[in-house]
Amino acid sequence: MADLLTHVLAAYVLLTVAGWRVGWLEPRWVVVGMGGAAIPDLVKVERLVDEGVVQSALGVPFEYDPVSSLAGVLVVAGATTLFFGQARRRVYGLLVAGGLSSLVLDGLRVYVDGSSSFWLYPLWWRPPTPNLYVTADARVAVVAVAVSIGVFVVDRYVVAD
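On a predicted model such as this, the values are computed, not experimentally measured, just so you know.

Cut-off values and rules
Residues numbered from 1 in each chain as written. Predicted model: local features only at pLDDT ≥ 70, side-chain atom pairs only at ≥ 80, totals over all residues. Heavy atoms only, no water. Helix = DSSP H or I, 4+ residues; strand = E, 2+ residues; numbered from the N terminus. Expected span 1.5 Å × (residues − 1). Buried < 20%, exposed > 50% of the residue type's maximum accessible area, 1.4 Å probe, protein only. Phe/Tyr/Trp six-rings, centres within 6.5 Å; stacked < 30°, edge-to-face > 60°. Lys NZ or Arg CZ within 6 Å of the ring centre and 35° of its normal. Axes fitted to C-alpha atoms, helices over the stretch in contact; angles between N-to-C directions. Parallel < 35°, antiparallel > 145°, perpendicular 65-115°, else oblique. Left-handed = near helix turned anticlockwise from the far one by under 90°. Contact = heavy atoms within 4.5 Å. Nonpolar A, V, L, I, M, F, W, Y, C, P; charged D, E, K, R; others polar. Polar contact = N/O pair within 3.5 Å; in protein donor to acceptor, adjacent residues only side chain to side chain.

Draft legend 1. Looking closely at helix α4 (residues 70-81). Under the 1.5 Å per step criterion, the end-to-end length of α4 is 16 Å for 12 residues, consistent within 8% with the ideal 16 Å. Regarding α4, the residues found buried are A71, G72, V73, A77 and T81.

Below you can see the structure in the form of structure tokens.
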């Protein structure tokens, strides 16, 4: 869960700071981008619903792994955008931006073989990773919370004035 929290808070920080320069990027749109940051973590639904159950229901082969990739973010963001009436392009862009920020953070994690996951799917190339952090390290979440609180305070009391 710390990984999901970190992804959502990173999107909050990036989009809030971008909102200081981009006039239309209000807090309600920042929330949409934060939702996009959760898209790659939808793969964790597998803990609740087995791939075999989904495969049986759909009648076609199904795997969760591609959801946690660039193609998965693009497809899920597109499907989610259909639920919005107005500003679909803006919603799609923000969902993809949030998802990309999440994928970039995943690309910085520690992997045993020195290559990140296949987040560039449908390309099966696994780019090298700088091995900056371990997902289970609570310090990453603490830093994300501290930075997001700092951005919140600056946004609320400095930028808003």
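Draft legend 2. Up close: the environment of I149. Checked against the element boundaries, I149 lands in helix α6 (residues 138-159). Put simply, I149 and L9 are 140 residues apart on the chain and 9.5 Å apart in space, counted from C-alpha to C-alpha.

Draft legend 3. A look at the environment of V142. Considering the arrangement of structural elements, one finds V142 in helix α6. Between the C-alpha atoms of V142 and T6, which are 136 residues apart in sequence, the distance is 8.7 Å.

Draft legend 4. The packing of aromatic side chains, seen in detail. For the structure on display, the rule yields 1 aromatic pair. Summarising the aromatic geometry, the rings of F62 and Y64 are spaced 5.1 Å apart at their centres and angled 85 degrees between planes, so their arrangement reads as edge-to-face. A residue is classified by how much of its surface remains accessible, and F62, at 24% relative accessible area, is partly exposed. We note R90 situated over the ring of W29; from NZ or CZ to the ring centre the distance is 5.1 Å.

Draft legend 5. Region of the structure containing the packing of helix α2 (residues 27-37) against helix α5 (residues 88-107). Interhelical geometry of α2 versus α5 gives an angle of 45 degrees and a closest axis separation of 6 Å. Relative to α5, the element α2 lies oblique. Crossing of α2 against α5: the hand is right-handed. Where α2 abuts α5, its residues W29, V32, G33, G35, G36 and A37 lie against R90, V91, L94, L95, G98, G99, S101 and S102. When its residues are assigned to classes, the contact of α2 with α5 shows 6 nonpolar, 7 polar and 1 charged.

Draft legend 6. Expanded view of helix α3 (residues 51-58). With a side-chain oxygen positioned 3.2 Å from the backbone nitrogen of G52, the residue opening α3 is D50. G59 lies just past α3 and shows a positive phi near 80 degrees.

Draft legend 7. Summary view of the packing of α4 against α5. Where α4 meets α5, the closest approach of the two axes is 9 Å, and the angle between their N-to-C directions is 150 degrees. Overall, the two elements α4 and α5 adopt an arrangement that is roughly antiparallel. For the element pair α4 and α5, the recorded crossing hand is right-handed. Contacts between α4 and α5 involve L70, V73, L74, A77, G78, T80 and T81 from the former and R88, V91, Y92, L95, V96, G99, L100 and L103 from the latter.

Draft legend 8. Representation of the side chain of T129 in the model. Looking at the element boundaries, T129 is found in the loop between α5 and α6. We classify T129 as buried; its relative accessible area is 10%. Separated by 2.7 Å, the side chain of T129 and the backbone oxygen of G107 make a polar contact. Looking at T129, its side chain comes within polar contact range of the main-chain oxygen of R109, at 2.8 Å. Discounting residues that sit within four places of it in the chain, T129 has contacts with G107, L108, R109, Y111, G114, S115 and S116.

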